[in-house]
Amino acid sequence: MPAIVLVGAQWGDEGKGKATDLLGSRVDYVVKFNGGNNAGHTVVIGDEKYALHLLPSGILTPGVTPVIGNGVVIDLPVLFHEIDGLNARNVDTSKLVVSANAHVIPSYNRTLDKVNERFLGSRKIGTTGRGIGPTYADKMTRVGIRVQDLFDEKILRQKVEGALELKNHLLVKVYNRRAITVNEVVDELLAHTERLTPYVADTALLLDQALKRDEVVLLEGGQATLLDVDHGTYPFVTSSNATAGGACTGAGISPIAVTRVIAIAKAYITRVGEGPFPTELFDDDGEKLRKIGAEFGTTTGRPRRCGWFDLPIARYASRINGITDLVVTKLDVLTGWEQIPVCVAYEVDGQRLEELPMTQTGFHHAKPIYEYLPGWSEDISGARSLEDLPANARAYVQFLEERCGSRISAIGVGPERDQTVVLRDLLN
Ligand code: GDP
Ligand code: IMO
Ligand code: MG
């Protein structure tokens, strides 16, 4: 019963979309299990470039059944906009399946996400403003609206009434906004029912049946380990479980079905939004990484903060996710540096620490301790095997593997599908 989990090992944008696409033709199902349209996955296929937000990256592979799992929060206009955009480019989206248990993002939660951030002022998270946090909060406080509620107008109305009772107090009395009416929300949501209905299914049952037929199910994480609401740099995180454990709850499959955990890490590291970042660069090197790596957000266009590879983070990701295979992406971006610093440990309040500090305060105080590896100047974008890489690039990858606690199974040397050095089969 091969269920394979694919997650980000850092703060997101590691190249999960490309990795999923790469495996695409060999899997039967690709399931998005967490997050929503806060994600942005860029997939390059030949001359075509796709930016996916809500749809699983497997949607680009003919034959794959793409699934939006119960753990996802869905902005319905965004879903249909994305489907229309792909259809206009001749991508078939008819096999898409959407969980009846997934929550929807009503427009009031987009509004609340933005005003919350404004009210937080200097303590803001730097969210994507897509209503993700408020929608997961509603799920936990049990006033959320689920996909299945759109099939029963009476129930939907009751749920919206319940949700708005609280929201309107907040909007009017605290945020000085206008109250929202039940009718406008019900109408907004019901407008999508007809189009949504054919996609909706009991996806947990569907995946169980697929696994029993020995079909391959790939569970594709949005965001990443350090953005996980439990295991990330809280409160500077997203509001879902982006780590491997979240794959099971977010898709509704058993942990014993998972045979492999693939994690994606950049050969350096980036972060979008606020929060601590020990190896962040504020100098020309940071600017150079951003420029060469094209480090601008796929979703919001914000410049990504850039820094050197962080081994304590990689070891942490290995431990929390139980990584069986690490894919190191964007090695090509490091071409041209005389030497490349790698953070091997932190100094926290005068003490050397090999692991992530236990407290968030400690993480804010962490200063990177670097070792310096010799760089290379050769263009590596055409490399397809380890032997094609210059000795120093090979040594860099080997150093990461020795120190990070995960075996490296593939290396990215460019954005295109085939710009990958595959060291071992990621599925078998
Ligand atoms: P995701 O959110 O993890 O799917 O990653 P994003 O798509 O947001 O960001 C990764 C970016 O790096 C995308 O623009 C990819 O096309 C690009 N990319 C992926 N792998 C490589 C690689 O090995 N080298 C280079 N130069 N670009 C890559
Ligand atoms: P992919 O899947 C990078 C960040 C936001 C913000 C924090 C909370 O493309 O790797 P949210 O809107 O989720 O409440 O914002 O999380 N964030 C991401 N950063 N890549 C992502 O997704 C992200 N999704 C959310 O920038 O700091
Ligand atoms: Mg991204």
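The paragraphs below set out a description of the structure included in this document. (Residues numbered from 1 in each chain as written. Chains lettered and ligands numbered in written order. Predicted model: local features only at pLDDT ≥ 70, side-chain atom pairs only at ≥ 80, totals over all residues. Heavy atoms only, no water.)

Looking at the side chain of Asp75
Our working rule: Numbering goes from the N terminus for both helices and strands, where a helix is a DSSP run of H or I of at least four residues and a strand is a run of E of at least two. Any residue under 20% of the maximum accessible area for its type is buried, any over 50% is exposed, and the rest in between are partly exposed; the area is computed with a 1.4 Å probe on protein chains only. Nitrogen and oxygen atoms within 3.5 Å of one another constitute a polar contact, given that in protein one can donate a hydrogen and the other can accept it, and given that sequence-neighbouring residues count only through two side-chain atoms.
Structurally, Asp75 can be placed in the loop between strand S6 (73–74) and helix H2 (76–88). For Asp75, a relative accessible area of 2% corresponds to the buried category. A polar atom in the side chain of Asp75 sits 2.6 Å from the side chain of Arg110.

Focus on the site of ligand 1
What counts, and what does not: For this purpose, a residue is taken to be near a molecule or strand whenever a single non-hydrogen atom of the residue falls within 4 Å of it. All accessible-area figures derive from a Shrake-Rupley calculation using a 1.4 Å probe, and residue coverage is judged against the displayed protein chains alone. Of the two site types, the cavity is a set of points on a 1 Å grid over the protein atoms alone where a 1.4 Å probe fits but cannot get out, and the pocket is an open set with protein on both sides within 12 Å along at least five of seven lines, each lined by residues with an atom within 4 Å of a point. Think of it this way: if more than half of a molecule's atoms are within 2 Å of a pocket's grid points, that molecule is in the pocket or cavity. Ten residue types, Ala, Val, Leu, Ile, Met, Phe, Trp, Tyr, Cys and Pro, are classed as nonpolar, four, Asp, Glu, Lys and Arg, as charged, and the remainder, Gly among them, as polar. Domain start and end points were adopted from an automatic or database domain assignment.
Around ligand 1, the surrounding shell holds 19 residues, and the nearest of these are Lys16, Gly40, His41, Thr42 and Asp332. Contact distances for ligand 1 include 2.7 Å between an oxygen atom and a backbone N or O atom of Lys16. At 2.7 Å from a nitrogen atom of ligand 1 is found a side-chain nitrogen or oxygen belonging to Asp332. Across the complex, the protein chains shield 92% of the 590 Å² of accessible surface that ligand 1 would expose by itself. Placement of ligand 1 is best described as lying within the second largest pocket. Broken down by secondary-structure element, the contributors of at least two residues to the shell around ligand 1 are helix H1 (16–24) and strand S3 (41–45). Residue contributions to the shell around ligand 1 peak at three residues, all from H1. Taken together, the residues of the shell around ligand 1 sort by class into three nonpolar, nine polar and seven charged. Here the shell around ligand 1 spans two domains, and each of domain 1 (3–98 + 200–262) and domain 3 (265–422) adds at least three residues to it.

Thoughts on the packing of aromatic side chains
What describes a pair of aromatic rings is the distance from one ring centre to the other and the angle between the planes of the rings. Quick reminder of the rule: Ring pairs shown here join Phe, Tyr and Trp side chains whose ring centres sit within 6.5 Å, with only the six-membered ring taken for Trp; geometry is labelled stacked below 30 degrees between planes, edge-to-face above 60, and tilted in between. Think of it as a cone above the ring: NZ of Lys or CZ of Arg counts as a charge over the ring if it is within 6 Å of the ring centre and within 35 degrees of the ring normal.
Under the definition given, this model contains seven aromatic pairs. Both rings, one in Trp308 and one in Trp337, keep their centres 5.6 Å apart while their planes meet at 85 degrees; by these two values the pair is edge-to-face. Linking Trp308 in the loop between strand S13 (305–307) and helix H11 (311–321) with Trp337 in the loop between strand S14 (325–329) and strand S15 (339–348), this pair joins segments that are 29 residues apart in sequence. Their ring planes at 55 degrees and their centres at 6.2 Å tell us that Tyr370 and Tyr372 sit as a pair that is tilted. Taken together through their ring pairs, the aromatic side chains of Trp11, Phe277, Tyr346 and Phe363 make up a single cluster. In this structure, Arg89 packs its charged tip against the face of Tyr50, placed 4.1 Å from the ring centre. Directly above the aromatic system of Trp337 lies the positively charged group of Lys288, at a separation of 4.1 Å from the ring centroid.

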